[in-house]
Amino acid sequence: MMQIHQDVKQNNEIEWKTWPAHLELLRFLDDQYGHMIESSSNLKQRTNQSKRTVQLPSCLLPNMSKANATNTSSGNAFRPGIVLLASYPRSGNTLLRTLLERTTSIVTGSDTRPDRTLSKSLAMQYDLVGEGLVGKATDAGMNKQKKQSSSARLQIRFQTAYDPSLSIVKTHFPERKGWKPVNSSRVLLLIRNPYDSIDSYWNLCCTNTHTTSLDESVYKKYANKFESLARHEIQIWVDFHYYWLDLCEKEGVPLLVVRYEDLVLDPESEMQRVIAFLMEDGDDKSLFDSFWKWRIRHALGKSDNPESQSTTGNTSNLGSYQPRSSSGGILSIGKTLRKDRYSESTLTHMHDVAATVEANRNKNTSKFASIPSINKTKKNQSYETILQKFGYDIYNQNFPENFKHPPPVPTFAGKQSKTPGRVTINKSPEIRSIDDEFGRKMTHWRRGETDNDANPFPTVARRR
């Protein structure tokens, strides 16, 4: 079990000590960890001692029962449910999970079935060992287990992949359903520009990997297929993000929007936003300035001295997982546009879809500040499309060049309620139709074109 200490030198300077981030084992916390956690008041009383155990934010502690929580020394009221990390496929979910695990040394889960090829790849090749684990079981599931024998309950626990120590679970719902329902009281919504995310989704469908890139010859041979996919997926991309914006507002669930582009350009600042969002109101905020800022720099492989380097940097120092856009800076943003992946008519179509969806909504139901702009294809529009909300409009905001000085991240304020809101995933229908040829049916198409993967599509070697 990882135990993090801080040494207080004679001049009262604090020096955090632990293993290097790339050597720290990712592990599940259990109830036995409770005795290692100290309350904020106890920590303050021990500042003059040479060593002390650090209190973790309560949102990152196990979802223990009330009885167990009362018997521990933490004194924290553990948040019910878990935090969902939601994103359209290929939006940087694996990157953010890796950063979270390296910062907190706590495993993140996923609602993807663990026996799928891509899930096994993340677990076995890229150290994301929480694939298929979805946190605390629902009340109905727990009641079902109570009726079973002890051995049967143990078997059910492993078969259903519920583990109470998980706090953060990845999902692509409602783009596709995960294998188990999950309840959540807080949501991280990770968003990436549609041009790069859709192109990356095409690469994933054609290679069945997270990091392999197709050779240019594949784009030329299947140009019509790629264009059709792009024109279709922009609707899924728009619907996906409005689903989460609307649902969290309706249910009063706190939501933090994280742009992939900001995560690549300034990972340190973005991770500070994420950790601050995860912390409970009752958490000791002094820990954020002292401990968590240090942990973030440690996870990114930066010097322990905040003054020694600028806050900007790349995400190439992440161990086994290396995202395609890890070290390219601004050149990695909108890279598909620089490569002329899309025809002008397809780009216009993408903006038309965003404008049409906005018009059909009748009014803007989200809580974003207005950014005056007029879409190229809708000269008289008086509303703001979802592309413009996030700074992704090519014609009015000069994306991707505008990210040389990134536009403000939209903020979201859900419905105010006396009781905490909750959302449940993987129960309602997907936003894709059952016969969507660009969803799971892409697997059948790929196998048909590659002799059941015996002759895979040509790929290019990754740059290091």
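This is a predicted model, so every value here is computed, not measured. (Residues numbered from 1 in each chain as written. Predicted model: local features only at pLDDT ≥ 70, side-chain atom pairs only at ≥ 80, totals over all residues. Heavy atoms only, no water.)

Quick word on the overall build of the chain
When helices and strands are counted, the chain shows 17 helices and 10 strands. By the burial criterion, 54% of the 464 residues in the chain qualify as buried. Contacts in the chain between residues at least 24 apart in sequence constitute 75% of all its contacts with a sequence separation of at least 6. (Helix = DSSP H or I, 4+ residues; strand = E, 2+ residues; numbered from the N terminus. Buried < 20%, exposed > 50% of the residue type's maximum accessible area, 1.4 Å probe, protein only. Contact = heavy atoms within 4.5 Å.)

Here we look at the packing of helix α7 (residues 194–207) against helix α9 (residues 223–251)
Viewed as axis vectors pointing N to C, α7 and α9 meet at an angle of 125°, and their least axial separation amounts to 10 Å. In terms of their interaxial angle, α7 and α9 are classed as oblique. Where α7 crosses over α9, the handedness of that crossing is right-handed. Facing Pro194, Ser197, Ile198, Asp199, Tyr201 and Trp202 of α7, the residues of α9 in contact are Lys225, Phe226, Leu229, Ala230, Glu233, Ile234 and Trp237. Split by residue class, the contact of α7 with α9 holds 9 nonpolar, 1 polar and 3 charged. (Axes fitted to C-alpha atoms, helices over the stretch in contact; angles between N-to-C directions. Parallel < 35°, antiparallel > 145°, perpendicular 65-115°, else oblique. Left-handed = near helix turned anticlockwise from the far one by under 90°. Nonpolar A, V, L, I, M, F, W, Y, C, P; charged D, E, K, R; others polar.)

Some words on the packing of aromatic side chains
Centre distance and the angle of the planes are the two values used to describe a pair of aromatic rings. With the rule as written, the count across this model stands at 18 aromatic pairs. The interplanar angle of 65° and the centroid separation of 4.8 Å between the aromatic rings of Phe291 and Trp292 together place this pair among those described as edge-to-face. We note Arg192 situated over the ring of Tyr260; from NZ or CZ to the ring centre the distance is 4.3 Å. Directly above the aromatic system of Tyr219 lies the positively charged group of Arg341, at a separation of 3.7 Å from the ring centroid. (Phe/Tyr/Trp six-rings, centres within 6.5 Å; stacked < 30°, edge-to-face > 60°. Lys NZ or Arg CZ within 6 Å of the ring centre and 35° of its normal.)

What to know about the confidence of the model for the chain
In this model, the chain carries a mean pLDDT of 74, and residues with pLDDT of at least 70 account for 61%. Contacts from residues 1–8, a stretch scored under 50 in pLDDT, to residues over four places away or in other chains number 43 contacts. Confidence over residues 365–375 falls short of pLDDT 50; this stretch has 32 contacts with residues more than four positions distant or in other chains. (pLDDT = per-residue confidence, 0-100.)

Examining the state of the cysteines
Summed over all chains, the structure comprises 0 disulfides. No disulfide involves Cys205; its sulfur sits 6.6 Å from that of Cys206, the nearest cysteine. Cys205 gets classed as buried once you look at its relative accessible area, which sits at 7%. (Disulfide = S-S within 2.5 Å.)

Observations regarding the nonpolar core
Of all hydrophobic cores here, the largest spans 60 residues; its most connected members are Val187, Tyr195, Trp202, Trp237, Trp244 and Tyr342. Per-element tally for this core: the top contributor is α9, with 13 residues. Once you skip the residues sitting within four places of it in the chain, Tyr342 turns out to touch Pro194, Tyr195, Ile198, Asp199, Phe226, Glu227, Ala230, Thr336, Leu337, Leu347 and Met350. Membership of the second largest hydrophobic core comes to 25 residues, among which are Leu100, Leu188, Leu263 and Ile275. (Core = buried A, V, L, I, M, F, W, Y, C linked by side-chain atoms within 4.5 Å.)

With respect to the pattern of salt bridges
Tallied over the entire structure, the rule returns 16 salt bridges. Across the salt bridge formed by Asp262 and Arg259, the nearest N and O atoms sit 2.7 Å from each other. In terms of burial, Asp262 and Arg259 fall into one category: buried. Taking the shortest distance from any N to any O, the salt bridge between Arg338 and Glu401 comes out at 3.2 Å. Here the residue Arg338 occupies a position in helix α13 (residues 335–338), and Glu401 occupies one in the loop between α16 (394–397) and β9 (423–425), the gap between them amounting to 63 residues. You can call Arg338 partly exposed: its relative accessible area is 33%. For Glu401, a relative accessible area of 30% puts it in the partly exposed group. Salt bridges here are not isolated pairs; linked through shared partners, they connect Glu175, Arg176, Glu233, Arg432 and Asp436. (Salt bridge = Lys/Arg side-chain N within 4 Å of Asp/Glu carboxyl O.)

Brief notes about the environment of His298
Positionally, His298 belongs in helix α12 (residues 286–299). By relative accessible area, which is 14% here, His298 ends up buried. The spatial distance from the C-alpha of His298 to the C-alpha of Arg102 is 8.5 Å, given a sequence separation of 196 residues.

A short note on the pairing of strand β6 (residues 182–191)
For β6, a buried count of 10 out of 10 residues is recorded, marking the element as mostly surrounded by other parts of the structure. Pairing of β6 with β9, which is carried by 3 bridges, proceeds in the antiparallel orientation. Looking across to β9, one finds that Val182 is bridged to Ile425. The pairing of β6 with strand β8 (residues 255–259) spans 5 bridges and is parallel. Bridging across to β8, Ile191 finds its partner in Arg259. (Pairing = 2+ DSSP bridges.)

Overview of α9
In a regular helix each residue adds 1.5 Å, so 29 residues correspond to 42 Å; α9 covers 42 Å between its end C-alpha atoms and thus fits that length. At Glu233, α9 shows its maximal bend, which comes to roughly 25°. Gly252, located one to two residues past α9, shows a positive phi value of around 70°. (Expected span 1.5 Å × (residues − 1). Bend = angle between axes of the 7 residues up to and from the residue.)

Re the pairing of β8
Of all 5 residues that make up β8, 5 are buried, and the element is covered over most of its length. Across the two faces of β8 the burial is the same, with Leu255, Val257 and Arg259 and Leu256 and Val258 all buried.

Comments concerning helix α3 (residues 93–104)
When the terminal C-alpha atoms of α3 are compared, their 16 Å separation across 12 residues agrees well with the 16 Å that a helix rising 1.5 Å per residue should span. Here α3 lies mainly inside the structure; 12 of its 12 residues are buried. Within α3 the residues assigned to the buried category are Asn93, Thr94, Leu95, Leu96, Arg97, Thr98, Leu99, Leu100, Glu101, Arg102, Thr103 and Thr104. Just beyond α3, the residue with positive phi is Ser105, at close to 60°.

Comments concerning the side chain of Arg446
You can see Arg446 is positioned in helix α17 (residues 441–449). Judged by relative accessible area, Arg446 falls into the buried class, the value being 3%. There is a polar contact of 3.2 Å between the side chain of Arg446 and the backbone oxygen of Cys205. The contacts of Arg446, once residues within four sequence positions are left out, are Cys205, Cys206, Thr207, Asn208, Asp453 and Phe457. (Polar contact = N/O pair within 3.5 Å; in protein donor to acceptor, adjacent residues only side chain to side chain.)

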